[in-house]
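Chain by chain, the residues:
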Amino acid sequence: MTFAPKRFDNRLKRFWALMLALSMTLFAIFIQAQQRSTKDKAENAPATPAQTPQKNNEAQHIQAVRISDALKIDGLLDEPAWSLAQPATDFRQERPIEGAPATERTEVRVLFDDKNIYFGIRAFDSEAAHINARDFVRDSNFPNDDKIEILLDTYHDRRNAFRFAVNPLGTQQDALITDEGRDINVSWDGSWVSEGRIDAEGFVVEIAIPLTTLRFTEGIDSWGLNISRIIRRKNEENLWTSWQRSFGLERVP
């Protein structure tokens, strides 16, 4: 299956305007990421405190909180609106130790307004001086840099998704994921804004994705979501959900 996002048609614009008009300040779209499991592995492998598996049918979810004012994308996360959103945490390793808790804490918050969906990522690092971040080339694969990747299944069909990636400097890479990750189109260039900053606690990345960059089904109030963080010096890849190596980020959760 292939699909490509297009600009909203007039009918979708009217629908979205109606939905927003009915929204209140604390109205939230509910983004659900269904946890895929490897039941046989979990039951047959010896459990250790560092490798406590998630429950087989456990679902991760996060609410995207509606705000009224646009945010300044500067990599600071200092606007009061960010405090309204509960963060996605509890990342687990895909590598090197499958299912083990991430060695560094990651917090991801989601907001939206009339025009954009926003992601605020705080990536804590106990050795912030050793964060890898050198690449300023758009659409680089960041082979030597730390990286955050966000996968959005806006149809919630578990087959197709948008992927947005940034390094700690805010340098961008994006792609279209189709056919359950069998086809990854890195030639697609969406319109979005990002900014990153490294500080004493790790790094912060702030992202704004215009709703016109995305395409989604009318009436749906849940999107699929997954988030990945790569800590390059540790050869560590952490995911929020679907962290099993048999799935991974591109297998839409």
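Data block above holds the structure.
Residues numbered from 1 in each chain as written. Predicted model: local features only at pLDDT ≥ 70, side-chain atom pairs only at ≥ 80, totals over all residues. Heavy atoms only, no water.

A. Structural detail: the overall build of the protein chain. Check the secondary structure of the protein chain and you find two helices and 13 strands. A total of 253 residues make up the protein chain; the buried ones form 51% of that total. In the protein chain, 68% of the contacts between residues at least 6 apart in sequence involve partners at least 24 apart. Accessible surface for the protein chain amounts to roughly 12000 Å². Of this, 50% is attributable to carbon and sulfur atoms. (Helix = DSSP H or I, 4+ residues; strand = E, 2+ residues; numbered from the N terminus. Buried < 20%, exposed > 50% of the residue type's maximum accessible area, 1.4 Å probe, protein only. Contact = heavy atoms within 4.5 Å. Areas by Shrake-Rupley, 256 points an atom, 1.4 Å probe, with all protein chains shown as cover.)

B. Local environment of the pattern of salt bridges. Counted according to the given criterion, the structure contains 17 salt bridges. The partner of Asp90 in a salt bridge is Arg92, and the shortest N-O contact between them spans 4.0 Å. Residue classification places Asp90 among the partly exposed positions, given a relative accessible area of 36%. Residue Glu201 pairs with Arg122 through a salt bridge whose shortest N-O separation is 3.7 Å. Of the two residues, Glu201 sits in the loop between strand E10 (193–199) and strand E11 (202–210) while Arg122 sits in strand E5 (residues 116–124), which places them 79 residues apart along the sequence. The exposure class assigned to Glu201 is partly exposed, which follows from its relative accessible area of 47%. For Arg122, a relative accessible area of 13% puts it in the buried group. (Salt bridge = Lys/Arg side-chain N within 4 Å of Asp/Glu carboxyl O.)

C. Structural context of unusual backbone geometry. Pro96 follows Arg95 through a cis peptide bond whose omega is 5°. Checked against the element boundaries, Pro96 lands in the loop between strand E3 (92–95) and strand E4 (106–112). The backbone of Leu77 sits at a positive phi, close to 55°, despite the residue not being glycine. You can see Leu77 is positioned in the loop between strand E2 (59–66) and E3. A relative accessible area of 21% means that Leu77 is categorised as partly exposed. Positive phi is not limited to glycine here, since Asp90 has a value of about 55°. Tracing the backbone shows Asp90 in the loop between E2 and E3.

D. View of the packing of aromatic side chains. For the coordinates displayed, the defined rule picks out four aromatic pairs. Between Phe162 and Phe164, the aromatic rings sit 6.4 Å apart at their centres with planes inclined by 20°, giving stacked as the arrangement. Residue classification places Phe162 among the buried residues on the basis of a relative accessible area of 0%. Relative to Trp192, the ring of Phe164 has its centre 5.1 Å away and its plane inclined at 75°; by these criteria the two rings are edge-to-face. Here Trp192 lies in the loop between strand E9 (183–185) and E10 and Phe164 lies in strand E7 (residues 161–166), a separation of 28 residues in the sequence. Of the two residues, Phe164 and Trp192, neither departs from the other in class, the shared state being buried. Members of the aromatic cluster, joined through ring pairs, are Phe162, Phe164, Trp188 and Trp192. One Lys or Arg, Arg122, reaches over the ring of Phe124 and ends 5.4 Å from the middle of that ring. (Phe/Tyr/Trp six-rings, centres within 6.5 Å; stacked < 30°, edge-to-face > 60°. Lys NZ or Arg CZ within 6 Å of the ring centre and 35° of its normal.)

E. Structural detail: the environment of Ile150. Examined against the element boundaries, Ile150 turns out to sit in strand E6 (residues 147–153). Measuring from C-alpha to C-alpha, the distance between Ile150 and Arg229 comes to 9.1 Å, with 79 residues separating the pair along the chain. Beyond its immediate stretch of four places on either side in the chain, Ile150 contacts Phe119, Ile121, Phe162, Arg163, Phe164, Ile207, Leu225 and Asn226.

F. The arrangement of the side chain of Asp145 in detail. Along the chain, the position of Asp145 falls in the loop between E5 and E6. One buried charge, Asp145, has no salt-bridge partner; the nearest side chain with opposite charge is Arg134, at 4.7 Å. Among all residues touching Asp145, those that are not within four sequence positions of it are Asn132, Ala133, Arg134, Asp135, Asn167 and Arg232. (Lys, Arg positive; Asp, Glu negative; His and termini not counted.)

G. Expanded view of the nonpolar core. Ile117, Phe119, Leu152, Ile207 and Ile209 are the most contacted members of the largest nonpolar core, which totals 33 residues. Sorting the residues of this core by element identifies E2, E4, E5, E6, E7, E11 and strand E12 (222–231) as the ones contributing at least two each. Leaving out residues up to four positions away in the same chain, Phe119 has contacts with Trp82, Val108, Arg109, Val110, Ile150, Leu152, Val205, Glu206, Ile207, Ile209 and Leu225. (Core = buried A, V, L, I, M, F, W, Y, C linked by side-chain atoms within 4.5 Å.)

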